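Geometric and topological summary
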Amino acid sequence: MHPAPSVIIFTTFSGLGFGLLFWLGIGMPAPTGWLAFVYFVLAYLGAVGGLLASTFHLGHPERALKAFSQWKTSWLSREGICAVATLLIMALYGAGLVFFGTAIKPLGWLGAIGALLTVFTTSMIYAQLKTVPRWKHWTTPALFLLLSLAGGALLSGNVGIALPLLVLAGALQAVAWVHGDGRFLASGTTMKSATGLGDIGEVRAFEPPHTGTNYLMREFIHEVGRKHALQLRIIALGLGFVLPVLVLLLLTFNLVVAVIAVLSHVAGVLTLRWLFFAQAEHVVGLYYGKR
Amino acid sequence: MTELPASTAKKLGLVIDLDTCVGCHACVVSCKGWNTENYGAPLSDQNAYSGAASGTFLNRVHSYEVQPPILKDEPAPAAQLIHFPKSCLHCDDAPCVTVCPTGASYKRSEDGIVLVNEQDCIGCGLCAWACPYGARELDAKEGVMKKCTLCVDRIYNENLPEEDRQPACVRTCPSNARHFGDLADPESDVSILVAERGGFDLMPEQGTKPTNKYLPPRPKDVEPEYDILAPYLAPVASEGKGFVNWLDKALSALPGGAK
Ligand code: SF4
Ligand code: SF4
Ligand code: SF4
């Protein structure tokens, strides 16, 4: 799949933003006044900024409201509803903290559940796709949730919780990569099944339908860039998990240490999100003899 | 609504004959011609007169080379070149419809045609991600999803003469490789064709239950020995003489030498 920057930025930052909203929602921490304001601005920058970035790849962003209508079948529609509902609820909860110094606990809990649901629905947009075997697996939602919780814990200063979550997320990411590598083959979709010609003999793409490229090839076939996948995986694990954990464990915690850990984690998640798209192979590539 | 109809009264679709398709791309051109002028937004091209042309098509023709297995002790069978037209298969269990967040993508309960309501489409592209066949293309200029309409504006169009009430690609095909009809009716011409020729689904394991069927290429004839004079020609120099003969034998005697 084409690793579009808008979608990579969207999934990374909205994941972090909603993760932070989750921890704020359950009152860990429950700051008031200006400090609460800073926390909520940070969370909304991530969540709303991510959502806005995702509208950049729409052909008709002005019709985005229509996307709330098909919650019965569409994970994308469900995601939109969850995101907006969560942002509204948490805005009320945040207003309580910032202006009145009170935590309206039921609202916070509702918002926390909404934040998790938002991240889950985002992940299901990918995990539902049978056409991309690497994504169609329980590790996709599990990883999105774990990354969001870990990143949120890091941002909210819950170091004791962030540490085990980071280790867990890193381990699950490694599992997802290794298992994901074999899933295209295991899906059983091949050039033979795509063309139905396998009974005659070995099928080879002889000529594509056109001399140039097209939407399908641009969107779904991304063979270049995969060659450095192993190095990028190591970089992603190092920046996303190993470095933040080491920094938090070995240095005495202060703002600078926290910022280093967060920046490193974000860079790592951006890298692994790039890989999430760049390494995902869509079955349509088979018609072009590519993956 | 992007819920799929529980069942459709008809299953209109295409049957594509991989045996007779000659790969002329006439269906590609007629499809683009009809559909850029009629239902919905036109099918745009980008950099049409440069070396990097690209554009929106609802129907494309691939070509595959298939090499039958080479058996020991038999002359290698010739590879076959098979042209492979591909447009939307109007799937019964269309994943492209259920993923759509706006309801723009839908399947008609009366005839099973899968369409996009372009006024509602936000151009998110998710339906194209969900289609295993590459049957949907987001138009780069219009920002809406384009796909085969089964020429819904021809097949019911009473302003057209009767013989033209068929999809443009079917009407235009010079080798009759594309057939249109109701695949829910076992008595229809297309259903009979599918039954007789062993029509098959593309990627059945994806569970989309495509309406369109493909007919396999027929087995190739075995070429007869047609040079009637060949048996009467005496072989030239079956036994060599002198130095050349000695050299031939000597080289053959070397390890790996040809006999
Ligand atoms: S071929 Fe693709 S676009 Fe057409 S109905 Fe099937 S899944 Fe949808
Ligand atoms: S591109 Fe249009 S038709 Fe396709 S899923 Fe998005 S809104 Fe629906
Ligand atoms: S049925 Fe019409 S829209 Fe579909 S491929 Fe044929 S010509 Fe194109």
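Residues numbered from 1 in each chain as written. Chains lettered and ligands numbered in written order. Predicted model: local features only at pLDDT ≥ 70, side-chain atom pairs only at ≥ 80, totals over all residues. Heavy atoms only, no water.

1. Digging into the site of ligand 1
Counted only if it meets this: Throughout, the term near means that a residue has one or more heavy atoms lying within 4 Å of the molecule or strand in question. When residues are sorted by character, Ala, Val, Leu, Ile, Met, Phe, Trp, Tyr, Cys and Pro go into the nonpolar class, Asp, Glu, Lys and Arg into the charged class, and all the rest, Gly among them, into the polar class.
Neighbouring ligand 1 are 13 residues; B:Cys88, B:Leu89, B:Cys91, B:Cys96 and B:Cys131 lie closest to it. Per-class residue counts for the shell around ligand 1 are ten nonpolar, one polar and two charged.

2. Here's the deal with unusual backbone geometry
Note the cut-off: Segments assigned H or I by DSSP are reported as helices when at least four residues long, segments assigned E as strands when at least two residues long, and all are numbered from the N terminus.
A cis amide bond, omega 0°, links A:Met28 with the succeeding residue A:Pro29. In this fold, A:Pro29 is placed in the loop between helix 1 (5–25) and helix 2 (33–55). At B:Asn47, a residue that is not glycine, the phi angle is positive and equals roughly 50°. With respect to the element layout, B:Asn47 can be found in the loop between strand 2 (45–46) and strand 3 (54–55). Even without being a glycine, B:Asn176 presents a positive backbone phi close to 55°. Looking at the element boundaries, B:Asn176 is found in the loop between helix 5 (168–172) and strand 10 (178–182).

3. With respect to the nonpolar core
Spelled out, the test is: Residues belong to a common nonpolar core when they are buried Ala, Val, Leu, Ile, Met, Phe, Trp, Tyr or Cys residues joined through side-chain atoms within 4.5 Å. Only protein chains enter the area calculation, which uses a 1.4 Å probe; residues under 20% of their type maximum are buried, those over 50% are exposed, and those in between are partly exposed. What makes two residues a contact is simply this: any of their non-hydrogen atoms within 4.5 Å.
Ranked by size, the top nonpolar core spans 139 residues in total, and within it A:Leu21, A:Trp135, A:Tyr287 and B:Trp129 carry the most contacts. When residues of this core are assigned to their parent elements, the largest contribution, ten residues, is made by helix 1 of chain A. Those residues in contact with A:Tyr287 that lie beyond four places of it in its chain are A:Ala194, A:Thr195, B:His62, B:Tyr64, B:Phe84, B:Lys86, B:Pro132, B:Tyr133, B:Leu202 and B:Met203. Core analysis: the next-biggest nonpolar cluster, separate from the first, contains five residues, B:Val15, B:Val190, B:Val194 and B:Leu215 among them.

4. Structural notes on the sheet that holds strand 1 (residues 202–207) of chain A
Strand pairs in the sheet, formed through backbone hydrogen bonds, run parallel or antiparallel to each other. Formally: Strands are labelled as partners when DSSP assigns at least two bridges between them. With axes taken as lines fitted to C-alpha atoms, and helix axes fitted only over the stretch in contact, angles between N-to-C directions fall between 0 and 180 degrees.
The strand order across the open sheet built from three strands is 1(A)-4(B)-5(B), with neighbouring strands paired in antiparallel fashion. The open sheet has two free edges, formed respectively by strand 1 of chain A together with strand 5 (80–87) of chain B, since each of these has just one partner strand. Along the sheet, successive strands turn relative to each other by an average axial angle of 35°, direction set aside. As defined by bridge partners, strand 4 (residues 59–67) of chain B adjoins strand 5 of chain B across eight bridges and the pair is classed as antiparallel. Bridged to B:Tyr64 within strand 5 of chain B is B:Ile82.

5. Regarding the packing of helix 5 (residues 139–155) of chain A against helix 6 (residues 159–180) of chain A
Residues and elements named next belong to chain A. Convention followed: Small angles under 35 degrees read as roughly parallel and large ones over 145 as roughly antiparallel, with 65 to 115 read as roughly perpendicular and the rest as oblique. Crossing chirality is assigned from the near helix's rotation relative to the far helix, an anticlockwise turn below a right angle marking it left-handed and a clockwise turn marking it right-handed.
Relative orientation of the contacting elements helix 5 and helix 6 amounts to 155°, with a least axis distance of 9 Å. Relative to helix 6, helix 5 is oriented roughly antiparallel. Seen along the crossing, helix 5 lies across helix 6 with a hand that is left-handed. Where helix 5 abuts helix 6, its residues Thr139, Ala142, Leu143, Leu146, Leu147, Leu149, Ala150, Ala153 and Leu154 lie against Ile161, Ala162, Leu165, Leu166, Leu168, Ala169, Leu172, Gln173 and Ala176. Per-class residue counts for the contact of helix 5 with helix 6 are 16 nonpolar, two polar and no charged.

6. Considering the side chain of B:His62
To keep things clear, this is the line we draw: Polar contact is the term for a pair of N or O atoms within 3.5 Å; when the atoms are in protein, one must be able to donate a hydrogen and the other to accept it, and sequence-neighboring residues count only if both atoms are side-chain atoms.
With respect to the helices and strands, B:His62 occurs in strand 4. Note on B:His62: relative accessible area 1%, which makes it buried. Within the structure, B:His62 has its side chain in polar contact with the side chain of B:Tyr64 (distance 3.5 Å). If we skip the residues at most four places from it in the chain, B:His62 touches A:Glu207, A:Pro209, A:Tyr287, A:Tyr288, B:Ile82, B:His83, B:Phe84 and B:Lys86.

7. Description of the sheet that holds strand 11 (residues 213–215) of chain B
All names here are of chain B. Spatial ordering of the open sheet is given by 10-1-11, a layout of three strands whose pairing is mixed. The open sheet is flanked by strand 10 and strand 11, the only strands paired with a single partner. Shown here is a sheet whose adjacent strand axes are inclined to one another by a mean of 25°, direction ignored. Sheet topology places strand 1 (residues 12–17) next to strand 10; five bridges connect them, and they run antiparallel. Looking at strand 10, one finds that isoleucine 16 is bridged to arginine 178. Helix-sheet contacts for helix 6 (residues 189–197) involve strand 1, strand 10 and strand 11, and the interaxial angle to strand 10 is about 120°.

8. Focus: the packing of aromatic side chains
Our working rule: The criterion for an aromatic pair is that two Phe, Tyr or Trp rings (for Trp, the six-membered ring) have centres within 6.5 Å, with stacked assigned to planes under 30 degrees apart, edge-to-face to planes over 60 apart and tilted to the rest. Should the NZ of a Lys or the CZ of an Arg lie within 6 Å of a ring centre and within 35 degrees of the ring normal, that charge is described as sitting over the ring.
In this structure the tally under the stated criterion is 20 aromatic pairs over all chains. Arranged with centres 6.2 Å apart and planes meeting at 40°, the rings of A:Tyr126 and B:Trp129 form a pair that is tilted. Taken together, the residues A:Tyr126 in helix 4 (residues 105–127) and B:Trp129 in helix 3 (residues 126–130) connect one chain to another. Given a relative accessible area of 8%, B:Trp129 falls into the buried group. For the pair A:Trp135 and A:Phe276, a centre-to-centre distance of 4.9 Å together with 15° between the ring planes defines the contact as stacked. Of the two residues, A:Trp135 is situated in the loop between helix 4 and helix 5 and A:Phe276 in helix 11 (residues 255–278); the sequence distance between them amounts to 141 residues. Per residue, the accessibility class of A:Trp135 equals that of A:Phe276, and both read buried. Each residue in the set A:Tyr126, A:Trp135, A:Phe144, A:Phe276, A:Phe277 and B:Trp129 is aromatic and connected to the rest through ring pairs, giving one cluster. Across from the ring centre of A:Phe144, 4.0 Å away, lies the NZ or CZ of A:Arg273, which sits over that ring. The lysine or arginine in question, B:Lys86, covers the ring of A:Tyr287, its NZ or CZ lying 4.5 Å from the ring centre.

9. Things to note about the site of ligand 3
Residue and element names in this part refer to chain B. By nearness alone, every residue bordering ligand 3 is listed as Cys31, Asn35, Asn59, Ser87, Cys148, Thr149, Leu150, Cys151, Pro167, Ala168, Cys169 and Arg178. Breaking the shell around ligand 3 down by element, the ones donating at least two residues are helix 1 (26–37) and helix 5. Taken together, the residues of the shell around ligand 3 break down into seven nonpolar, four polar and one charged.

10. Some remarks on the interface of chain A and chain B
Keep this limit in mind: Summed over both partners, buried area is the accessible surface (1.4 Å probe) that two parts give up on being assembled. Salt bridge, as used here, is a side-chain nitrogen of Lys or Arg placed within 4 Å of a carboxyl oxygen of Asp or Glu.
With 59 residues of chain A at the contact, the number on the chain B side is 59 residues. Both faces considered, chain A and chain B share a buried interface measuring about 4,600 Å² in area, 60% of it formed by carbon and sulfur atoms. Sorting the residues of chain A by area buried against chain B places A:Ile200, A:Tyr215 and A:Tyr287 first, and these three jointly supply 15% of that buried surface. Our count for the contact surface shared by chain A and chain B stands at three salt bridges.

11. Re the pattern of salt bridges
Residues and elements named next belong to chain B. A full pass over the atoms with the stated rule returns 18 salt bridges over all chains. In this structure, the salt-bridge partner of glutamate 137 is arginine 60, at a minimum N-O distance of 2.7 Å. Taken together, the positions of glutamate 137 in strand 8 (residues 136–138) and arginine 60 in strand 4 put the pair 77 residues apart, joining distant regions of the chain. Given the relative accessible area of 1%, glutamate 137 is considered buried.

12. Let's talk about the side chain of A:Thr139
Residue and element names in this part refer to chain A. Topologically, threonine 139 is positioned in helix 5. For threonine 139, a relative accessible area of 1% translates into the label buried. Ignoring sequence-local partners within four residues, the contact set of threonine 139 consists of Leu172, Ala176 and Arg183.

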